[in-house]
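So the chains spell out like this:
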Amino acid sequence: MRVLVTGAAGSIGRVVTTGLAASGHDVVGLDLVPPPDGTPFTWHEGDCADGDAVEAVFAEERLDAVVHLAGIPDEASLPDELTSHVVTTAALLDAMVAHDVPRIVYASSNHAVGRTLRADGTLTERALPRADTYYGVAKVAAEALLHLFADRHGIDAVACRIGSFLEEPTSVRGLSTWLSHGDCVRMVEAALSTPAPGYAVLYGISANTRAWWDLEPGRRLGYEPQDDAEAYADRVEPGPQDDAEAAFVGGPFATAQFHRPALGA
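Everything numeric here is computed off the predicted structure, so don't read it as measured data. (Residues numbered from 1 in each chain as written. Predicted model: local features only at pLDDT ≥ 70, side-chain atom pairs only at ≥ 80, totals over all residues. Heavy atoms only, no water.)

S.K.: Before we move on, can you summarise the overall build of the chain with the specific residues and values?
M.R.: The helix and strand inventory of the chain stands at eight helices and nine strands. Its C-alpha radius of gyration of 18 Å places the chain within 12% of the 18 Å reference for a compact globule of 265 residues. The principal-axis extent of the C-alpha atoms belonging to the chain is close to 50 × 45 × 40 Å. Here the chain, with 265 residues, has 52% of them falling under the buried criterion. Nonlocal contacts in the chain, meaning residues at least 24 apart in sequence, comprise 69% of its contacts between residues at least 6 apart. Summing over all exposed atoms, the chain offers an accessible surface of approximately 11,800 Å²; the carbon and sulfur share of this is 50%. With 18 positive and 38 negative side-chain charges, the chain shows a spacing of 6 Å between the two charge centroids. (Helix = DSSP H or I, 4+ residues; strand = E, 2+ residues; numbered from the N terminus. Rg over C-alpha atoms; globule rule 2.2 N^0.38 Å. Buried < 20%, exposed > 50% of the residue type's maximum accessible area, 1.4 Å probe, protein only. Contact = heavy atoms within 4.5 Å. Areas by Shrake-Rupley, 256 points an atom, 1.4 Å probe, with all protein chains shown as cover. Lys, Arg positive; Asp, Glu negative; His and termini not counted. Charge placed at Lys NZ, Arg CZ, Asp CG, Glu CD.)

Take a look at the structure:
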C-alpha cells in the first residue's frame, strides 16, 4: 500500500513511517520540515493547511491511503488549533476525493473527550464529545469532518483517540493511558487494513491492566495491542498530582490554566 504520512518528522511520525516501511508499505512523507537524515522514502516539504500544496502532492503521487499525524500537539490559540487540525484535515479530504484515495487514518486525541469524568466508568467509542481545551475542540471538529466525508463520499476514516504516546509511562495516569511505540504501529496498520470500516473511532492505548478506555472498538478493527504499561509500574513514583490527573479523562489538560492570546491577536 502506498501511504502518505503527514507530520512524518514528528515523534509519532518517525515511529509510524519506520514501522510501515518495515512492514512493506511504500511510504510518502509530508511535513513542514526537511526529511531527517537517512530517510529512505519519498518526502515532500509543505504545509497541510495549504490546499494547493496538498493537491500538488496528490497529483504527483499515486496514493492508496493517508495517515494524518500533522498538527500542533499542545494547546494554542483557537484559530491556530483550527488551522492545524481542521483546515489540514479538510485539505487532505478534498484531495482524497479528487484523486480517489479511499482511506484515511487520523491521529485524534483523548482530549476530544477529556472533560469526561473518570467516575463515569470505562470510556467507549459512544462517548459524546467533551473537549478539555481548544486542542480538544479542534480534534472534535476534525472527527466531524471525517464522519462527513465518510457519509457523503464513502471514504473509510478511522479516528484514533491517542492516549500517552511515550517510550514508557512516566506517571500513574500513564499506567492507564500509555500507547507504546510498537502498539502505535500495530494500531495504524490495523486501521489501514481493516475491511470497509466506514467511519470508526478507536482508543489508541496499549493493553494496559489499568486502562480507562475500552479496547473493544479497536479490536473490532483488528487492533490487538501487545504491550502493557504495568510492566513499568515499579518505575513510576506516585505524585501529589495523581488524584487530580485521574479526575478527568484528559488528565492535566482538563484543569490546567493555559495562557492564550485574544482571538483577534
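S.K.: Which residues make up the sheet that holds strand β6 (residues 156-162), and what are the values?
M.R.: In spatial order, the strands read β3-β2-β1-β4-β5-β6-β9; together these seven strands make up an open sheet with parallel pairing. Pairing within the sheet leaves two strands with one partner each, and these edge strands are β3 (42-45) and β9 (199-204). Neighbouring strand axes in the sheet, compared pairwise and without regard to direction, differ in orientation by 20° on average. Looking at chain direction, β6 and β9 are connected through six bridges and run parallel. (Pairing = 2+ DSSP bridges. Axes fitted to C-alpha atoms, helices over the stretch in contact; angles between N-to-C directions.)

Structural measurements only, silent on function.
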